[in-house]
Structure formats: C-alpha cells, structure tokens
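Tertiary structure, described
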2 protein chains.
Amino acid sequence: MCGVPPVNAADAGPSRTAEVTSQPVLPKRRQRGPNDPDRRDRIARAAVAVIAEHGIDSLTHRKVAAMAGVPLGSTTYHFASLEELIAAALDKAAEAGIGQLQAWANGLDDGDDVASALADYVIESIGERREQTLAEYNLYVLALHRPHLQQAAVAWDSALSDVLIALTDRPTGRMLGTLLCGLLMQNVLRPDLPSKADVEETFRRAIAGTA
Amino acid sequence: MCGVPPVNAADAGPSRTAEVTSQPVLPKRRQRGPNDPDRRDRIARAAVAVIAEHGIDSLTHRKVAAMAGVPLGSTTYHFASLEELIAAALDKAAEAGIGQLQAWANGLDDGDDVASALADYVIESIGERREQTLAEYNLYVLALHRPHLQQAAVAWDSALSDVLIALTDRPTGRMLGTLLCGLLMQNVLRPDLPSKADVEETFRRAIAGTA
DNA sequence: TTTGGATATGGACGTCAGTACATAACTGTG
DNA sequence: CACAGTTATGTACTGACGTCCATATCCAAA
C-alpha cells in the first residue's frame, strides 16, 4: 500500500480492531496493555513511510498512527514529542539506507566492476526504491535546521562513505559518495530514468582519477 | 537581520507602521491601496528568507508577512494559496542561485583554474551564503512531492549544468554539476568547513577525466 | 490472588494555521 | 468631483494539529 519499508509486514495481527459487540464479559478489546514489543519501532518506520508518501510537511501524529495501525495516543506515548519522532524516523531511514548499501557491497564479487555496479545501484534507488530515496532526502534536509539531528545526519553520510572507501581508497570513496548523493538528488525528481551508461561513466571517471 | 536576500533592501519605507495616533483627520494609515508595485516579489523573497532561517516546516503566511513587513492579508491577496507562494519562492530561489553561479562564471578570467574557482564557490556557498544554500535545498526537496514543481526544479538544475558545461564540455559539465550538488548537500550541515584542497581535488579529478 | 508498576488508549483542550471576506484606500477616467 | 475598478487590509471562521491525562489493561512478583 505504500511501496516503502513494510511497517505492517511482521504485523501478526493483534492490533485492536472492533469485534467488540459480542461477549460483553470477555475482555472488551483484544490485546491492550503491554505486549507488541516492537511497536515503537513500527511507529518510527511508519513515520518514514508517511514521509515517503506525502513529504515531510505533512508528517503528523495522526497520519503516522493511521499508517502504523495504532491509536493516536500510542504515538505520543512512545515519543514524547514530534521532534523525538522525527529523530527516530531519521535513525530508521539512515539505518535502512546504510543497510541497503552494505548489502549491495556484500553482494559484489571480487572481479566486479564497481562503476557498473554503482550505476545499477543508482538506477534501483531512483526506480524501485524511489519512495525510500525520497524519504531519505526529506529527512536529511529536515536535519539542516535541527542542530540535534545534524550529528546523526553526518554519521549517516560517513557510514555511506565508509562502504565506498572500503571498495577503493579514501579520496575515491569520498568522491563516489558525493557523486552518489548528487546523482540521486538530481535524478529522483526527473520524470525519466538516466541511462546506465551515463551514470556508469560518471563513476568511472572518479575511479579512473586514482593516481 | 537574516543573512539572506535583502527582502527589505530596496524598501523605500512606505510600508505602514503605526504613527497613527495623532492627526485623527488625516488618512489613518499611510500608504494603502495600489502602490508598492513589487510587493508580490518582496513577499516571495520573504518566503525564501523564512525558509532559510527556520526551515520549510515552519513556513506560514504569518511568518512571511512579518518578514516582508506587510499585513497578513497581503500574502493571501498576492498568492491564492500557500502552494502558490511556495512555487513563487522556489522560482525566486532558483533565480537567485542561477544568478549567483552565472556571476561566478562571468567573473572567471581565461586562464583561471576551474577546479580551484569552483572549490572557492563551494566554500562560499557553505560559509557566507550558508542560509541561501539551506533555503535552496529545502525548496528543492519540497518539489519532490509536488509534481507541479518538478519541472521548475529540473529547469533549475539544468540551468546550473549549462553554466558548467559552457566552461568545459557536456559530460564534464554535468559531472561538475552533480559534484557541486553533492558537495553542498553533504557539507552544508557539517559543523566545520571542508578544506579547499580536498574540494578542489574532487573537481579536478572530474575535469582531468576528459579524454 | 492481590498488588504495583509499566504499557496503552481515546477523548478533550488550547493553539495556530490557511482561507475567506467585508470593508477601506487608492488610481484613473469622464 | 463622481464613479468604477483595482489593490490592499484587518478580522473572523473552521479545521487540524500537538499534547495532555484520566482511565484501562496487562504482566510479574509477592
């Protein structure tokens, strides 16, 4: 329903939904009180999903609650303020983004061409993973005006760089990270996907520059 | 007062401000009705300034009105909706950003080193012009979830590329544009400025790749 | 079973934003 | 000057939002 991280995927189903009318003696609602241990996480992921779908400027407790399938109060219970929720969403998005790139790197074979593989990665990020990418840039920009989020955003960036540095060397890896950032940013809002050849050539030039 | 485009710079002063108590016969407020021909533009620039200062998620008619020094009604009179105001702000920011880069390019002498000059440009954008850069990225990201703004954002990007292409060649210019985008994005939220040497080396590698 | 603390819920409250609109001020024309 | 049309303003309305909190539920230890 939203094309982004699952949110409800592992949801076994015990999330309260009516069925209240019969059996007036038995517990009125199934599953209240303490259970559902990863609810906090699910809410944070739902926040990312809301941002992916509607953009940062329509992130509200109510939308997140609806997306996560939890009552409104649950969002304010687990996160004392909207700011805290945003911070958690940033962490979740960073975690997901870093995991994605690491998985990509782990999938590389020794002889593989990094430029070509990176180009594939870009095209996937703009294509199939588009909404995730949108959410990531929304959250990243949100950090621009929030000093308490800047550290997390910088760490996110560094983690991405580290993956690319491990594949090449420090200056090259950092340059690849910059190119990746710029390419995603520039292309994620274009109506058409870039050609793989162009993207690949861009990366190749950065790698070739290694003296 | 805000470090960003002037907004009130060319403001000759006829923008109503109190002084009403005396002279009950004379016009109660100076300067109502049709005058102040560039008020619409000033409101749009004020919107950019608000975004630069507080971030996109606190852009409101009221804040813009205060920043522009006009009454609330004036913002809704000149822009039928907030969306229209955002669109105008995006245009203004794009215009300013493009103008800035063009001015930079025009200031180059024939023998100048493009990599070095671009590095200076980056450092200025993150330093002295930091707030303008922040506003630009905020607005750019806002376009991600607004189909009617994507064309403007893409045009903005193309205009920047064109300047860099004119200095080199098509693939190199496009790569420089991507690097510029990525470098600003990555560094504008870091607490410390990057070293000029690093930035310059990055650009140089893109230029050197020209075969 | 009782009890206490943690978890969870839904509704209510105060605030603030976007928008609409009646009215006012001004400009130009006759 | 009178009038019409445009530009401009202050204010009120409605809805939505963040937050709070009294209450409910559950778990685990005594």
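Given the structure is predicted, the values throughout are model-derived calculations rather than measurements.

**Focus on the interface of chain A and chain B**
Tallying the contact residues gives 42 residues for chain A and 42 residues for chain B. The junction of chain A with chain B conceals about 3,700 Å² of combined surface from both sides, 63% of it contributed by carbon and sulfur atoms. Per-residue buried area on chain A facing chain B is highest for A:H145, A:L189 and A:R205; these three make up 22% of the total on that side. For the pair chain A and chain B, the number of links is 4 salt bridges. A salt bridge links A:R146 to B:D57; the nearest nitrogen and oxygen atoms lie 2.6 Å apart. For the pair chain A and chain B, the interface holds 16 residue pairs in polar contact (both at pLDDT 80 or more). Listed by contribution, the elements that provide at least two residues to the side of chain A that touches chain B are helix 1 (39–54), helix 6 (130–142), helix 7 (147–167), helix 8 (170–187) and helix 9 (196–208) of chain A. Of all the elements, helix 8 of chain A adds the most residues to the side of chain A that touches chain B, at 11 residues. Its residues assigned to classes, the side of chain A that touches chain B comprises 21 nonpolar, 14 polar and 7 charged.

**Remarks on the relation of the copies chain A and chain B**
Overlay of chain A on chain B (RMSD 0.0 Å): rotation 180°, translation along the axis 0.0 Å. Considering both components of the superposition, the chain copies are consistent with a two-fold axis. Scanning chain A for the C-alpha nearest the rotation axis identifies A:G182, at a separation of 2.1 Å.

**Points about the pattern of salt bridges**
Counted by the stated rule, this structure contains 18 salt bridges over all chains. The shortest N-O distance in the salt bridge between B:D157 and A:R190 comes to 4.0 Å. With B:D157 in helix 7 (residues 147–167) and A:R190 in the loop between helix 8 and helix 9, this pair bridges two chains. Overall, the relative accessible area of 23% leaves A:R190 in the partly exposed class. Look at the salt bridges and you will find they share partners, linking A:D41, A:K92 and A:E95 into a network.

**Focus: the side chain of A:E136**
Examined against the element boundaries, A:E136 turns out to sit in helix 6. Apart from residues no more than four positions distant in its own chain, A:E136 is found in contact with A:A93, A:G97 and A:W156.

**A look at the layout of surface pockets**
Put simply, the largest pocket is a space of about 460 Å³. Lining the largest pocket are 23 residues, and of these A:R174, A:T178, B:L183, B:D198 and B:T202 sit closest to its centre. For the lining of the largest pocket, the secondary structure elements donating two or more residues are helix 7 and helix 8 of chain A together with helix 8 (170–187) and helix 9 (196–208) of chain B.

**Some thoughts on the nonpolar core**
Judged by nonpolar contacts, the single largest core of 134 residues is most densely connected at A:W104, A:L139, A:F203, B:W104, B:L139 and B:F203. The residues contacting A:W104, other than those within four sequence positions of it, are A:V114, A:A117, A:L118, A:Y121, A:L164 and A:L167.

**Points about the packing of helix 4 (residues 82–106) of chain A against helix 5 (residues 114–126) of chain A**
Residues and elements named next belong to chain A. Interaxial distance between helix 4 and helix 5 falls to 11 Å at its minimum, and their mutual angle equals 140°. Handedness of the helix 4/helix 5 crossing: right-handed. Taking contact as the criterion, the partners of G97, Q100, L101 and W104 in helix 4 are, on helix 5, V114, A117, L118 and Y121. Among the residues making up the contact of helix 4 with helix 5, the classes are represented as 6 nonpolar, 2 polar and no charged.

**What about the packing of aromatic side chains?**
Given two aromatic rings, their pairing is described by the distance between the two centres and the angle made by the two planes. If you walk through the whole model with that rule in mind, you get 4 aromatic pairs over all chains. With 6.0 Å between their ring centres and 70° between their planes, A:Y140 and A:W156 make a pair best called edge-to-face. Taken together, the residues span a long stretch of sequence, with A:Y140 in helix 6 and A:W156 in helix 7 at a distance of 16 residues. Residue A:W156 is classed as buried on the basis of its relative accessible area, which comes to 5%. In this arrangement the basic side chain of B:R129 is found over the ring face of B:Y121, its NZ or CZ atom lying 4.8 Å from the centre.

**Quick notes on helix 6 of chain A**
Residue and element names in this part refer to chain A. Counted at 1.5 Å a residue, the expected span for helix 6 with its 13 residues is 18 Å, and the 18 Å between its end C-alpha atoms agrees. Summarising burial for helix 6: 11 of the 13 residues are buried, a large majority. Listed as buried for helix 6 are Q132, T133, L134, A135, E136, Y137, N138, L139, Y140, V141 and L142.

**Some words on the environment of B:A52**
All names here are of chain B. By the secondary structure assignment, A52 is in helix 1 (residues 39–54). Owing to a relative accessible area of 1%, A52 belongs among the buried residues under this scheme. Through-space distance from the C-alpha of A52 to that of L134 is 5.7 Å; in sequence the pair is 82 residues apart.

Cut-offs applied
- Residues numbered from 1 in each chain as written.
- Chains lettered and ligands numbered in written order.
- Predicted model: local features only at pLDDT ≥ 70, side-chain atom pairs only at ≥ 80, totals over all residues.
- Heavy atoms only, no water.
- Contact = heavy atoms within 4.5 Å.
- Buried area = accessible area lost by both parts, 1.4 Å probe.
- Salt bridge = Lys/Arg side-chain N within 4 Å of Asp/Glu carboxyl O.
- Polar contact = N/O pair within 3.5 Å; in protein donor to acceptor, adjacent residues only side chain to side chain.
- Helix = DSSP H or I, 4+ residues; strand = E, 2+ residues; numbered from the N terminus.
- Nonpolar A, V, L, I, M, F, W, Y, C, P; charged D, E, K, R; others polar.
- Least-squares fit on C-alpha atoms with pLDDT ≥ 70 in both.
- Buried < 20%, exposed > 50% of the residue type's maximum accessible area, 1.4 Å probe, protein only.
- 1 Å grid on protein atoms, 1.4 Å probe; cavity = no way out; pocket = protein on both sides within 12 Å on 5 of 7 lines; lining within 4 Å.
- Points joined across faces, edges and corners; volume = space filled by probe spheres on them.
- Core = buried A, V, L, I, M, F, W, Y, C linked by side-chain atoms within 4.5 Å.
- Axes fitted to C-alpha atoms, helices over the stretch in contact; angles between N-to-C directions.
- Left-handed = near helix turned anticlockwise from the far one by under 90°.
- Phe/Tyr/Trp six-rings, centres within 6.5 Å; stacked < 30°, edge-to-face > 60°.
- Lys NZ or Arg CZ within 6 Å of the ring centre and 35° of its normal.
- Expected span 1.5 Å × (residues − 1).

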